[in-house]
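Remarks on the overall topology
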Amino acid sequence: AIDFLDDKNFKSYDSWECGNDCFTAIFGTYYFTKSNQIQLKVDSITSSGTCMSPTQIFKPSKVITFNLSKEKTQLKLTKK
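These notes cover the structure that comes with them. Per chain, residues are indexed from 1 in the order of the written sequence. Local features in a predicted model are, by the rule used here, given only for residues with pLDDT of at least 70; side-chain atom pairs are given and counted only at 80 or more, and totals for whole chains, interfaces and linings are based on all residues. Think of the side-chain values as coming from all heavy atoms in the structure, minus any hydrogens and water.

Quick look at the pattern of salt bridges now. Only one rule defines a salt bridge in this text: a Lys or Arg side-chain nitrogen within 4 Å of an Asp or Glu carboxyl oxygen. Summed over all chains, the structure comprises one salt bridge. For Lys76, the salt bridge goes to Glu71, with nearest N and O atoms at 3.3 Å. Lys76 sits in the partly exposed class, given a relative accessible area of 38%. Throughout this description, buried means an accessible area under 20% of the type-specific maximum (1.4 Å probe, protein chains only), exposed means over 50%, and partly exposed covers the range between.

Quick look at the structure:
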């Protein structure tokens, strides 16, 4: 899942109903380059739950570009 927290920050994460797993969350910033294109810049990755991985911080941050399209009621991001 991905949550756009405000007009510039996002959080992407995984979750499971059982709650017994290693959960990863990715934090960063985003901006629109065109009306149908978005760029995400990853700032950090965190892990929680049963995993023992430390928080990773990227310097410089990696920028990933996605094309946006709508499929029924969902927004689809396709890596460019």
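Aromatic rings from Phe, Tyr and Trp, with only the six-membered ring used for Trp, were paired whenever their centres fell within 6.5 Å, and each pair was classed as stacked if the ring planes differed by under 30 degrees, edge-to-face if by over 60, and tilted otherwise. With the rule as written, the count across this model stands at two aromatic pairs. On the numbers, 4.8 Å between centres and 70° between planes, the contact of Phe4 with Tyr30 is edge-to-face. With Phe4 in strand E1 (residues 2–4) and Tyr30 in strand E3 (residues 22–34), the pair connects residues that are 26 residues apart, well separated along the chain. Ring geometry for Tyr30 versus Phe32: centroids 6.0 Å apart, planes at 90°, classification edge-to-face. The structure contains a cluster of three or more aromatic residues connected by ring pairs, namely Phe4, Tyr30 and Phe32. Helix and strand assignments come from DSSP, with helices taken as H or I runs of at least 4 residues and strands as E runs of at least 2, each series counted from the N terminus.

As used in this record, nonpolar core signifies buried Ala, Val, Leu, Ile, Met, Phe, Trp, Tyr and Cys residues forming a set joined through side-chain atoms within 4.5 Å. Formed by Phe10, Tyr30, Ile38, Leu40, Val42, Ile45, Ile64, Phe66 and Leu68, the largest nonpolar core amounts to nine residues. Among the elements of the structure, strand E4 (37–49) and strand E5 (56–71) are those that each provide at least two residues to this core. With four residues, the single largest contributor to this core is E4. Ignoring sequence-local partners within four residues, the contact set of Tyr30 consists of Phe4, Asp6, Asp7, Lys8, Asn9, Phe10, Ile38, Gln39 and Leu40. Every residue pair with non-hydrogen atoms within 4.5 Å of one another is taken to be in contact.

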